[in-house]
Amino acid sequence: MAGEIETTTAPGGLGRRWVPVTALVLSVLGLAVSAYMTLSHYTDQKVLVCSTNAVIDCARVTSSPQSVVFGIPVAVLGVAFFVAMCVLNLPALWRSPDQRVRLARFAGVGVGIVFVAYLVAVELLVLHVICEWCTVVHILTIALFVVTVLGETSRRVAE
């Protein structure tokens, strides 16, 4: 029926009905964490509840020179990314036949993965500490990438 999410199953029994909802939930969670990190950036770093030891130091990561890219705090970039992904992952847009929507969604998560790789490299190779909240955002972005790829792959198999 028109307007419904297809329940076609890809090889291996992977249906795709769960994809739009999962992608939207991951996007909303990423938006919430990024908004929390943005709040801490513009207020007091102590707002950011995080362990501090030789391996974990959120304040050090989020206040480092690398926490700003092109004059924009990385947390704000995270908010912008997840707002865009929330829109692109609305179930109605997953049903859209418009190839530009699919391309924008895939390009968005692609840019997200590249940025995560850069940020993890900065944490590990430059700062030598990690941020727990940053790691949550990284995991959500990677999961969103995987869900998007699986959703698009099963969609192509169904077509």
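Keep in mind the model is a prediction, meaning the values are calculated, not measured.

**So, the UniProt feature "transmembrane region" (unreviewed entry) in the chain**
No. 1: As annotated in UniProt, the feature "transmembrane region" (unreviewed entry) corresponds to residues 18-39, 70-91, 103-121 and 127-150 in the numbering used here.
No. 2: Secondary structure content for residues 18-39 is 100% helix and 0% strand, while the C-alpha to C-alpha distance between its ends is 32 Å.
No. 3: Across residues 70-91, the secondary structure splits into 73% helix and 9% strand, with the terminal C-alpha atoms separated by 33 Å.

**Digging into the pattern of salt bridges**
No. 1: One pass over the full model with this rule turns up three salt bridges.
No. 2: The closest approach of N and O atoms between Glu-152 and Arg-105, which form a salt bridge, is 3.1 Å. Highlighted residues: Glu-152 in helix H6 (residues 132-158) and Arg-105 in helix H5 (residues 99-127), separated in sequence by 47 residues. Pair check on accessibility: Glu-152 and Arg-105 agree, each one buried.
No. 3: Salt bridges here are not isolated pairs; linked through shared partners, they connect Arg-102, Arg-105 and Glu-152.

**Some remarks on the nonpolar core**
No. 1: Of all hydrophobic cores here, the largest spans 27 residues; its most connected members are Met-37, Val-61, Met-85, Cys-131 and Leu-144.
No. 2: Only helix H1 (18-42), helix H2 (58-62), helix H3 (74-88), H5 and H6 provide two or more residues apiece to this core.
No. 3: Residue contacts for Val-61: discarding those within four places in its chain leaves Ser-67, Glu-123, Leu-127, Val-129, Ile-130, Cys-131 and Cys-134.

**Focus: the environment of Glu-132**
No. 1: Inspection of the secondary structure puts Glu-132 in helix H6.
No. 2: Along the chain, Glu-132 and Val-49 lie 83 residues apart, while their C-alpha atoms are 9.1 Å from each other.
No. 3: Not counting chain neighbours up to four residues away, the residues in contact with Glu-132 comprise Val-49, Cys-50, Ser-51, Ile-56 and Cys-58.

**Notes on the environment of Val-69**
No. 1: Looking at the element boundaries, Val-69 is found in strand E3 (residues 68-69).
No. 2: Classification of Val-69 by relative accessible area gives buried; the value is 14%.
No. 3: Beyond its immediate sequence surroundings of up to four residues, Val-69 is in contact with Val-74, Leu-77 and Phe-115.

**Thoughts on the packing of H1 against H3**
No. 1: As a packed pair, H1 and H3 sit with axes 8 Å apart at the nearest point and diverge in direction by 155°. On the basis of the axis angle, H1 is roughly antiparallel to H3. Crossing hand, H1 versus H3: left-handed. Across the interface between the two elements, Leu-24, Leu-26, Ser-27, Val-28, Gly-30, Leu-31, Ser-34, Ala-35, Met-37, Thr-38 and Tyr-42 of H1 pack against Ala-75, Val-76, Gly-78, Val-79, Phe-82, Val-83, Met-85 and Cys-86 of H3.
No. 2: A per-class count over the contact of H1 with H3 returns 14 nonpolar, five polar and no charged.

**Overview of the confidence of the model for the chain**
No. 1: Across the chain, the average pLDDT comes to 86, with 85% of residues at or above 70.
No. 2: Scored below 50 in pLDDT, residues 1-14 shows 21 contacts in the model against residues more than four places distant or in partner chains.

**Section: H3**
Two residues of an α-helix separated by three or four positions point the same way, owing to the 3.6 residues in each turn.
No. 1: For H3, built from 15 residues, the straight-helix expectation of 21 Å at 1.5 Å per residue is met to within 8% by its first-to-last C-alpha distance of 21 Å.
No. 2: Within the sequence span of H3, burial applies to Val-74, Ala-75, Gly-78, Phe-81, Phe-82, Met-85, Cys-86 and Leu-88. Seen from one end, H3 has its buried residues packed into an arc of 160°, which puts them on one side.

About the criteria used
Residues numbered from 1 in each chain as written. Predicted model: local features only at pLDDT ≥ 70, side-chain atom pairs only at ≥ 80, totals over all residues. Heavy atoms only, no water. UniProt positions renumbered as here; feature names shortened; annotations may be inferred. Helix = DSSP H or I, 4+ residues; strand = E, 2+ residues; numbered from the N terminus. Salt bridge = Lys/Arg side-chain N within 4 Å of Asp/Glu carboxyl O. Buried < 20%, exposed > 50% of the residue type's maximum accessible area, 1.4 Å probe, protein only. Core = buried A, V, L, I, M, F, W, Y, C linked by side-chain atoms within 4.5 Å. Contact = heavy atoms within 4.5 Å. Axes fitted to C-alpha atoms, helices over the stretch in contact; angles between N-to-C directions. Parallel < 35°, antiparallel > 145°, perpendicular 65-115°, else oblique. Left-handed = near helix turned anticlockwise from the far one by under 90°. Nonpolar A, V, L, I, M, F, W, Y, C, P; charged D, E, K, R; others polar. pLDDT = per-residue confidence, 0-100. Expected span 1.5 Å × (residues − 1). Arc of directions from axis to C-beta.

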